Amino acid sequence: MTITTFGFILTGVFLNALAQLLLKAGTNAVGAIHLTSQNWFPTGIKLITQLPILGGLTCYVISVGVWIIGLSRVDVTIAYPMLSLGYVVSAIGAWYFLGEVISAQRIMGIGVIIIGVVLLTRS
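Residues numbered from 1 in each chain as written. Predicted model: local features only at pLDDT ≥ 70, side-chain atom pairs only at ≥ 80, totals over all residues. Heavy atoms only, no water.

For the protein, the helix and strand inventory stands at 6 helices and 0 strands. Along the protein, helices and strands appear, N-terminal first, in the series α-α-α-α-α-α. Here the protein holds 123 residues, and 27% of them are scored as buried. Residue pairs in contact within the protein that sit at least 24 positions apart in sequence constitute 78% of those at least 6 positions apart. As presented, the protein carries roughly 8000 Å² of accessible surface, and 71% of it is formed by carbon and sulfur atoms. (Helix = DSSP H or I, 4+ residues; strand = E, 2+ residues; numbered from the N terminus. Buried < 20%, exposed > 50% of the residue type's maximum accessible area, 1.4 Å probe, protein only. Contact = heavy atoms within 4.5 Å. Areas by Shrake-Rupley, 256 points an atom, 1.4 Å probe, with all protein chains shown as cover.)

Structure below.
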């Protein structure tokens, strides 16, 4: 895998993780969502007017374009497992930006993911 291809793949992963963080920030601003037949429309309006949610959706759209470029250059058996790096980026971002707790068990899981990605990229 060339450095350019790796860059496209990583950019797609980071944009996807950023999208998750922005969507979570937007839902934090709205609060827990409990849809009923009476509130689905106002709740939908409230959600789509949240800037973090709009930003997250934008990141998703861009990440798909970048991902397609990267996927055109590398086998899916290498590219797709690299999406698991999104778990690592999301966990760190959630801890740093959203104040979520990362337990020792989660840290160990993150370590396993990183080891797996390193093994994949070296093959």
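Let us keep going from here.
With their axes 9 Å apart at the nearest point, helix H1 (residues 3-30) and helix H5 (residues 85-98) run at an angle of 40° to one another. One finds that H1 runs oblique with respect to H5. Taken as a pair, H1 and H5 cross one another with a handedness that is right-handed. Between H1 and H5, the residues in contact are Leu-10, Val-13, Phe-14, Ala-17, Gln-20, Leu-21, Lys-24, Ala-25 and Asn-28 and Leu-85, Gly-86, Val-89, Ser-90, Gly-93, Ala-94 and Leu-98, respectively. Among the residues making up the contact of H1 with H5, the classes are represented as 10 nonpolar, 5 polar and 1 charged. (Axes fitted to C-alpha atoms, helices over the stretch in contact; angles between N-to-C directions. Parallel < 35°, antiparallel > 145°, perpendicular 65-115°, else oblique. Left-handed = near helix turned anticlockwise from the far one by under 90°. Nonpolar A, V, L, I, M, F, W, Y, C, P; charged D, E, K, R; others polar.)

Side chains of a nonpolar character, in soluble globular proteins, are inclined to be buried together. In terms of nonpolar packing, the biggest core is built from 9 residues, these being Ile-9, Val-13, Trp-67, Val-74, Ile-78, Ala-79, Met-82, Leu-85 and Val-117. Counting only elements with at least two residues in this core, the list comes to H1 and helix H4 (76-82). For this core, the element with the most residues is H4, which contributes 3 residues. (Core = buried A, V, L, I, M, F, W, Y, C linked by side-chain atoms within 4.5 Å.)

Given 3.6 residues per helical turn, the α-helix brings residues three or four places apart onto the same face. Here helix H3 (residues 51-71) spans 30 Å end to end across 21 residues, near enough to the 30 Å set by a 1.5 Å rise per residue. In this structure, the buried residues of H3 make contact with H1, helix H2 (40-48) and H4. (Expected span 1.5 Å × (residues − 1).)

Let us look at the packing of H5 against helix H6 (residues 104-122). Two elements in contact, H5 and H6, have axes whose closest approach is 9 Å; the angle formed by their N-to-C orientations is 140°. The element H5 and its partner H6 pack so that their crossing is left-handed. Touching Leu-85, Tyr-87, Val-88 and Ala-91 of H5 are Ile-110, Ile-113, Ile-114 and Val-117, all from H6. Taken together, the residues of the contact of H5 with H6 break down into 8 nonpolar, no polar and no charged.

Bringing H5 into the picture now. Over its 14 residues, H5 extends 19 Å from the first C-alpha to the last, a length consistent with the 20 Å expected when each residue adds 1.5 Å. Buried within H5 are the following residues: Leu-85, Gly-86, Val-88, Ser-90, Gly-93 and Ala-94. Residues of H5 that are buried make contact with H1, H4 and H6. Following H5 by one or two positions, Gly-99 adopts a phi angle in the positive range, close to 75°.

Now for the confidence of the model for the protein. Averaged over all residues, the pLDDT of the protein equals 92, while 99% of them reach at least 70. Mean pLDDT across the secondary structure elements of the protein bottoms out at H4, with 86, and peaks at H3, with 96. (pLDDT = per-residue confidence, 0-100.)

A few words now on the side chain of Ser-63. Relative to the helices and strands, Ser-63 is located in helix H3. Look at Ser-63 and you get buried, because its relative accessible area is 4%. A distance of 2.8 Å separates the side chain of Ser-63 from the backbone oxygen of Tyr-60, its partner in a polar contact. In contact with Ser-63, not counting residues within four places along its chain, are Gly-12, Leu-15 and Asn-16. (Polar contact = N/O pair within 3.5 Å; in protein donor to acceptor, adjacent residues only side chain to side chain.)

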